[in-house]
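Remarks on the overall topology
As a plain string of letters, each chain reads:
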2 protein chains.
Amino acid sequence: MTGPRFTPLVNSLPATVPFVGPEALERARGRPFAARLGANESLFGPPPVAVEAMAKAAAELWQYGDPESWDLRAELANIHAVGMENIVMGSGIDGLLGSLVRLCVAPGDAVVTSLGGYPTLNYHVAGYGGVIHTVPFRGDHEDCDALIAKAAEVEAKLVYLANPDNPMGTWHDAAKVQAMIEAVPDGTLLILDEAYLEFAPQGTAPAVNPDDPRVIRMRTFSKAYGMAGARIGYALGAAPVIAEFAKVRNHFGVSRASQAGALAALGATAWLAETKAKVAAGRDRLAGIARANQMTAIRSATNFVTMDCGKDGEFARAVLAALADLDIFVRMPFVAPGDRCIRVSAGPEREMALFEAALPQALKTAHTKA
Amino acid sequence: MTGPRFTPLVNSLPATVPFVGPEALERARGRPFAARLGANESLFGPPPVAVEAMAKAAAELWQYGDPESWDLRAELANIHAVGMENIVMGSGIDGLLGSLVRLCVAPGDAVVTSLGGYPTLNYHVAGYGGVIHTVPFRGDHEDCDALIAKAAEVEAKLVYLANPDNPMGTWHDAAKVQAMIEAVPDGTLLILDEAYLEFAPQGTAPAVNPDDPRVIRMRTFSKAYGMAGARIGYALGAAPVIAEFAKVRNHFGVSRASQAGALAALGATAWLAETKAKVAAGRDRLAGIARANQMTAIRSATNFVTMDCGKDGEFARAVLAALADLDIFVRMPFVAPGDRCIRVSAGPEREMALFEAALPQALKTAHTKA
C-alpha cells in the first residue's frame with residue numbers, strides 16, 4: 001500500500017516551523033518559566049469586558065460564528081470611517097498573511113521584506129512557492145526606501161513593512177510611511193503590518209484611505225487588546241482587494257467567542273488608555289534595567305524592548321539561554337545585526353522584577369562562556 | 001495608482017461562498033429565527049466541563065495557544081491508542097481539509113467526491129486549481145464502490161467519503177468502509193470524514209490503523225461535543241502524512257480556549273452518552289413529525305434527519321422558504337435527487353415542538369405555490 005502523492009511544491013518545502021512555542025520549551029526543560037516575556041504577548045491581559053464576553057460566549061459555542069463577522073466589522077468600519085467592504089476578519093494576522101500570500105503569490109513570484117523581519121511572512125511565501133528578497137535594516141529601522149527600490153527591481157507582488165517593527169521595536173512616522181505608499185511600484189501591494197500600532201506615538205499611522213489599492217493594513221486583537229490566544233485580527237484595504245479574500249479564506253474560521261470578545265474589547269477605550277500607559281511604564285522600566293546592566297535599550301513603539309547586549313549573536317544567544325536557565329522566557333532577533341539583541345516584553349512589576357533579578361546573573365554566565 | 005496582481009488561479013475563481021450563515025439570513029429577514037435547526041450544530045451545547053474550561057481560559061487568552069496542542073494530542077493519542085505523531089489539530093475540519101487539499105492538489109489534479117457531498121471540500125479543491133469528479137449517491141447513500149472506481153479512472157489525488165454522510169445522514173458499516181480503504185488506488189488518499197461518528201451505531205468506524213497511509217480520518221469537536229463555534233478538530237493518519245501538515249498549516253491558528261475546552265470535553269464521557277441518547281430521541285421525534293406529515297424520514301446516523309418531501313427540488317425549496325417565514329431555520333441538500341429533501345437538526349423539545357407546529361403550515365404553503 002502506497003501513500004498519498006503530495007504536490008511537487010510541498011515536496012520541496014522544509015519541515016521547519018517559524019516559531020517553537022514556549023510550552024514546547026517548557027516541556028523540553030521539564031519545568032515552567034517564571035516569567036513569559038518572549039512571545040510578544042500582552043501580560044496585561046484582555047480587557048475585563050472582553051473576558052466577560054468570551055466567558056459568556058462559551059456556552060453559546062454550539063453555534064458556528066457568523067462567517068461575515070457582521071457586528072464586529074460594522075463597529076470597525078465605524079471606528080475607521082470606512083465601509084464594511086474594506087474589512088475582512090481572519091484568525092490573527094498570521095492567518096490573514098497566509099490568505100494574502102495565496103491570493104498574490106504564484107511559484108516564482110517575488111516578495112520583498114526586511115532581512116530579519118517577521119518570519120511567518122517568509123513561511124507563507126515559501127509555502128506558496130514565492131521567492132523572498134530581503135533588504136537589511138538600517139540603524140535598527142526597516143529601510144522604507146530600500147524596500148521600495150527592491151520591490152521595483154524584482155517586480156515584487158508584495159512588499160512588507162511592519163510599523164512599528166518587530167523584532168526591533170522601532171518605527172517610522174506617518175509621513176515616511178505615506179511617502180512609501182506613494183512610491184509603491186505599479187502592480188505591487190504594500191502589506192503594512194500595524195500589529196503594534198496602539199503602543200506607538202500619535203502620528204505613527206498614515207490616514208486610512210479606503211480607496212487606495214496600493215496598501216493593505218493588518219491589525220490585530222493579539223497585542224494591545226491582549227487576545228493573542230483568541231486568534232482574531234483584520235485586514236483593512238480597498239474593497240476590490242478585500243473582496244478577493246472571500247475566494248480563499250476559511251469562512252467559518254474565526255471562533256464565535258473571539259468575535260464576541262473583540263467586539264467587547266473595542267468598547268474598552270478607558271481600559272486601552274490605561275494599558276498603553278502601563279506598557280509605556282514597563283518599557284521605561286526595561287530600559288532602566290538595561291542601562292543598569294550596561295546594555296542599550298533600543299527605543300520602542302511596541303510592547304517589547306529590544307536590548308543590545310553589546311556583542312555578537314553568539315553572546316546574545318548565551319544570554320538568552322542563561323535567562324531560560326533562570327526561568328525567564330525571552331526571545332531575540334534571528335538575524336545579524338539584530339541578533340546582538342534580546343527582546344523582552346513589557347509587563348507588570350512582578351515579571352519586570354524577576355527579569356531585573358535574573359539579567360545580571362545571565363550576563364555573567366554568558367561572559368564566562370564567551 | 002494600480003492595484004495588486006492576483007495569481008491567474010485566483011483571477012479564475014468565482015466569488016461564491018460555500019454557505020451563507022444563519023446570521024446573514026436573519027439580517028436579510030430583519031428578525032431572528034425562533035429555532036436554529038439548519039447548520040448541523042448541536043443544540044445540546046458543549047459539555048458543562050468544557051464551558052467551564054473555556055470560560056476560565058478567557059482571562060488567559062493573552063497567551064498564544066500551544067502550537068503543538070501537546071496536552072490535547074496526548075489525550076487523543078491515548079484515546080485512539082496511536083502516537084501523537086498520528087494527530088494534527090486544526091481550526092475545524094474545514095481548516096484541515098484546506099490544508100490537506102493544499103498538500104496534495106496542484107492545478108489540474110483530480111479529486112473524487114459524491115455529487116451533492118460536502119461543498120466546502122469542493123471549495124478548497126477549486127481554490128487550489130483541482131478538478132472535482134463526482135459520482136451520484138445510490139439510494140441516498142454515498143457509493144463507495146463508484147467513488148473508488150472513479151478515483152482509479154481519473155487517478156485522483158484524493159477521494160472523499162463522509163461516514164456518516166452529510167447531507168443525507170446515511171452511513172456504511174465498518175466492514176464496507178474497510179473494504180473501501182483496501183481498494184484505494186495507489187497514490188490516492190482517502191479522506192474519511194467522521195464528523196458525525198459519535199452519533200452513529202457501534203460498528204460504523206473501521207479500526208484505526210496508524211500505519212495505513214491510504215486513509216486520513218477527520219474528527220471534530222463541532223458536532224457531538226457541541227463546540228462548532230470554537231473551531232477545533234483533528235486529522236488522524238499515518239505519521240508521514242500527518243507530518244506534512246507542519247509545512248503549510250497556521251501553527252498558532254487554534255484558539256487557546258478551544259484547546260482547553262476540547263481537552264475538558266474528552267473527559268465528559270457520561271455527558272457524551274447522555275447527549276447521544278438525547279440526539280437519538282430527537283431523531284425519533286423528527287421521524288415521527290415527518291410521518292405525521294406524510295413525509296419519509298431517511299434513517300440517520302447523525303444529529304440531523306433528512307426528510308423526503310415527496311416531490312422535486314422546487315417543492316422542497318418552497319417548504320424551506322415557508323419554514324423560514326415561520327422563523328424555523330433549516331437547510332436542504334443542494335443537488336438532485338437529494339434536493340427533494342429538507343434537513344433538520346435534532347434538538348431539545350422546545351425546538352422540536354416549534355418545528356412540529358410549523359411544518360404542516362409550511363407544507364400547505366408550498367403545495368399552494370406548486
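Predicted model, so just to flag it, every value in this text is computed and none were measured.

1. A closer look at the domain arrangement of chain A
All names here are of chain A. According to the domain assignment, chain A contains domain 1 (20-45 + 270-369) and domain 2 (48-266). On a C-alpha basis, the centroid separation for the pair domain 1 and domain 2 is 25 Å. Together, the buried faces of domain 1 and domain 2 total about 1900 Å²; carbon and sulfur atoms form 65% of this surface. The three residues of domain 1 that bury the most area against domain 2 are Trp 271, Leu 272 and Ala 301, which together make up 23% of that side's buried surface. For the pair domain 1 and domain 2, the interface holds one salt bridge. With a closest N to O distance of 2.7 Å, Arg 340 and Asp 140 form a salt bridge. Across the contact surface, domain 1 and domain 2 share ten residue pairs in polar contact (both at pLDDT 80 or more). When residues of the side of domain 1 that touches domain 2 are traced back to their parent elements, those giving at least two are α11 (269-292), β10 (304-308) and β12 (341-345). No other element matches the six residues that α11 contributes to the side of domain 1 that touches domain 2. Here the side of domain 1 that touches domain 2 is composed, by residue class, of eleven nonpolar, nine polar and five charged.

2. As for empty space enclosed by the protein
Summed over the entire model, instances satisfying the criterion amount to 14 cavities of 30 Å³ or more. Lining the largest cavity are 34 residues; nearest its centre among them are Ser 91 and Asn 250 of chain A together with Ser 91, Gly 95 and Asn 250 of chain B. Of all the secondary-structure elements, those providing two or more residues to the lining of the largest cavity are β2 (87-90) and α5 (92-104) of chain A together with β2 (87-90) and α5 (92-104) of chain B. Per-class residue counts for the lining of the largest cavity are twelve nonpolar, 16 polar and six charged.

3. Thoughts on the sheet that holds strand β8 (residues 233-236) of chain B
All names here are of chain B. Read from one edge to the other, the open sheet built from seven strands follows the order β2-β8-β7-β6-β5-β3-β4, with strand pairing classed as mixed. A single partner strand is all that each edge strand has here, and the edge strands are β2 and β4 (131-135). This sheet shows a mean twist of 25° between the axes of neighbouring strands, independent of strand direction. The sheet contact formed by strand β7 (residues 215-220) and β8 spans four bridges and is antiparallel. Bridged to Arg 219 within β8 is Tyr 234.

4. Remarks on the relation of the copies chain B and chain A
Copy one and copy two of the chain differ by a rotation about a common axis and a shift along it. Least-squares fitting of chain B to chain A yields an RMSD of 0.0 Å, with the transformation described by 0.0 Å of translation along the axis and a rotation of 180°. Such a turn and shift between the copies fits a two-fold axis. Residues of chain B ranked by C-alpha distance from the rotation axis are headed by Ala 55 of chain B, positioned 2.0 Å from it. A shared interface surface links the copies, since 99% of the contact residues of chain B are contact residues in chain A too.

5. Observations regarding the interface of chain B and chain A
Each partner contributes residues to the interface: chain B has 84 residues there, and chain A has 83 residues. Summing both sides of the interface, chain B and chain A together bury roughly 7200 Å²; the carbon and sulfur share of this comes to 59%. The largest contributions to the chain B side of the interface with chain A come from Arg 5, Trp 62 and Tyr 64 of chain B, which together make up 12% of the buried area. On the surface where chain B and chain A come into contact, there are six salt bridges. With its nearest N and O atoms 2.9 Å apart, the salt bridge here joins Asp 66 of chain A to Arg 27 of chain B. Scanning the region where chain B abuts chain A turns up 59 residue pairs in polar contact (both at pLDDT 80 or more).

6. Re the UniProt feature "domain: Aminotransferase class I/classII large" (unreviewed entry) in chain A
Look at the UniProt record and you will see "domain: Aminotransferase class I/classII large" (unreviewed entry) annotated at residues 37-352 of chain A. Across residues 37-352 of chain A one finds 39% helix and 15% strand; the C-alpha atoms that close the span lie 9 Å apart.

7. Observations regarding the packing of α11 of chain A against helix α13 (residues 349-369) of chain A
The axes of two packed helices give the description: the angle between them and the distance between them. Residues and elements named next belong to chain A. Two numbers describe how α11 lies on α13: the axes approach to 10 Å, and their chain directions differ by 10°. If you check the angle between α11 and α13, you find them roughly parallel. Seen from α11, the contacting residues are Gly 282, Arg 285, Leu 286 and Ile 289; seen from α13, they are Glu 349, Met 352, Ala 353, Phe 355, Glu 356 and Leu 359. Considering only residue class, the contact of α11 with α13 consists of six nonpolar, one polar and three charged.

8. Quick notes on the sheet that holds β10 of chain A
Residues and elements named next belong to chain A. Strand order in the open sheet formed by three strands is β9-β10-β12, with antiparallel pairing between adjacent strands. Two strands lie at the open edges of the sheet, namely β9 (296-297) and β12, each paired on one side alone. Judged from the five bridges that link them, β10 and β12 form a sheet pairing that is antiparallel. Bridge pairing links Phe 304 to Ser 345 in β12.

9. A word on the nonpolar core
Counting 200 residues, the largest nonpolar core has Phe 221, Ile 342 and Phe 355 of chain A together with Phe 221, Ile 342 and Phe 355 of chain B as its most contacted members. Leaving out residues up to four positions away in the same chain, Phe 221 of chain A has contacts with Leu 72, Leu 76, Met 89, Gly 226, Met 227, Ala 228, Ile 232, Gly 233, Tyr 234, Ala 262, Ala 265 and Leu 266 of chain A.

10. Quick word on the layout of surface pockets
All names here are of chain A. Approximately 580 Å³ is the volume attributed to the largest pocket. Lining of the largest pocket is provided by 26 residues; of these, His 80, Leu 197, Glu 198, Arg 219 and Lys 276 occupy positions nearest its centre. Of all elements in the fold, only α4 (70-80), β7 (215-220), α10 (256-266) and α11 reach the threshold of two or more residues within the lining of the largest pocket. Looking at the second largest pocket, its volume works out to about 470 Å³.

11. Some details on the packing of aromatic side chains
Residues and elements named next belong to chain B. This model, assessed by the stated rule, comprises 16 aromatic pairs over all chains. Pairing Phe 19 with Phe 334 gives two aromatic rings, centres 6.0 Å apart and planes at 40°, and the pair type is tilted. A residue pair is termed long-range when its members are at least 10 positions apart, and Phe 19 in the loop between α1 (8-12) and α2 (22-29) and Phe 334 in the loop between β11 (328-329) and β12 (341-345) qualify at 315 residues. You can call Phe 19 buried: its relative accessible area is 15%. With a centroid separation of 6.5 Å and an interplanar angle of 15°, the aromatic rings of Tyr 225 and Trp 271 are classed as stacked. In this pair, Tyr 225 is assigned in the loop between β7 and β8 and Trp 271 in helix α11 (residues 269-292), connecting sequence segments 46 residues apart.

12. Details of the pattern of salt bridges
The full count for this structure, using the stated rule, is 44 salt bridges over all chains. As a salt-bridge pair, Lys 150 of chain B and Glu 153 of chain B come within 3.6 Å of each other at their nearest N and O atoms. Of this pair, Lys 150 of chain B and Glu 153 of chain B are both found in helix α7 (residues 144-154), three residues apart, which corresponds to roughly one turn of the helix. Since its relative accessible area comes to 57%, Glu 153 of chain B is described here as exposed. Salt bridges sharing partners connect three or more residues here, namely Glu 23, Arg 36 and Glu 41 of chain A together with Arg 256 of chain B.

13. Re helix α12 (residues 313-325) of chain A
Every α-helical turn comprises 3.6 residues, leaving residues that sit three or four positions apart pointing alike. Residues and elements named next belong to chain A. The terminal C-alpha atoms of α12 lie 18 Å apart, and with 13 residues this matches the ideal 18 Å at 1.5 Å per residue to within 8%. Those residues of α12 lying buried are Gly 313, Phe 315, Ala 316, Ala 318, Val 319, Leu 320, Ala 322 and Leu 323. Residues of α12 that are buried sit in contact with β11 (328-329), β12 and α13. Looking one or two places after α12, you find Asp 327, whose phi comes out positive at around 75°.

14. A word on unusual backbone geometry
Cis rather than trans, the peptide bond between Asn 166 of chain A and Pro 167 of chain A has omega equal to 20°. With respect to the element layout, Pro 167 of chain A can be found in the loop between β5 (158-162) and α8 (174-182). Residues Ala 336 of chain A and Pro 337 of chain A are joined by a peptide bond in cis, for which omega reads 0°. You can see Pro 337 of chain A is positioned in the loop between β11 and β12. The backbone phi angle of Ala 81 of chain B is positive, close to 55°, even though this residue is not glycine. With respect to the helices and strands, the residue Ala 81 of chain B is situated in the loop between α4 (70-80) and β2. Look at Ala 81 of chain B and you get exposed, because its relative accessible area is 66%. Its identity as a non-glycine residue notwithstanding, Arg 231 of chain B has a phi of 55°, on the positive side. Mapped onto the elements, Arg 231 of chain B comes out in the loop between β7 and β8.

Calculation criteria
- Residues numbered from 1 in each chain as written.
- Chains lettered and ligands numbered in written order.
- Predicted model: local features only at pLDDT ≥ 70, side-chain atom pairs only at ≥ 80, totals over all residues.
- Heavy atoms only, no water.
- Domains from an automatic or database assignment.
- Buried area = accessible area lost by both parts, 1.4 Å probe.
- Salt bridge = Lys/Arg side-chain N within 4 Å of Asp/Glu carboxyl O.
- Polar contact = N/O pair within 3.5 Å; in protein donor to acceptor, adjacent residues only side chain to side chain.
- Helix = DSSP H or I, 4+ residues; strand = E, 2+ residues; numbered from the N terminus.
- Nonpolar A, V, L, I, M, F, W, Y, C, P; charged D, E, K, R; others polar.
- 1 Å grid on protein atoms, 1.4 Å probe; cavity = no way out; pocket = protein on both sides within 12 Å on 5 of 7 lines; lining within 4 Å.
- Points joined across faces, edges and corners; volume = space filled by probe spheres on them.
- Pairing = 2+ DSSP bridges.
- Axes fitted to C-alpha atoms, helices over the stretch in contact; angles between N-to-C directions.
- Least-squares fit on C-alpha atoms with pLDDT ≥ 70 in both.
- Contact = heavy atoms within 4.5 Å.
- UniProt positions renumbered as here; feature names shortened; annotations may be inferred.
- Parallel < 35°, antiparallel > 145°, perpendicular 65-115°, else oblique.
- Core = buried A, V, L, I, M, F, W, Y, C linked by side-chain atoms within 4.5 Å.
- Buried < 20%, exposed > 50% of the residue type's maximum accessible area, 1.4 Å probe, protein only.
- Phe/Tyr/Trp six-rings, centres within 6.5 Å; stacked < 30°, edge-to-face > 60°.
- Expected span 1.5 Å × (residues − 1).

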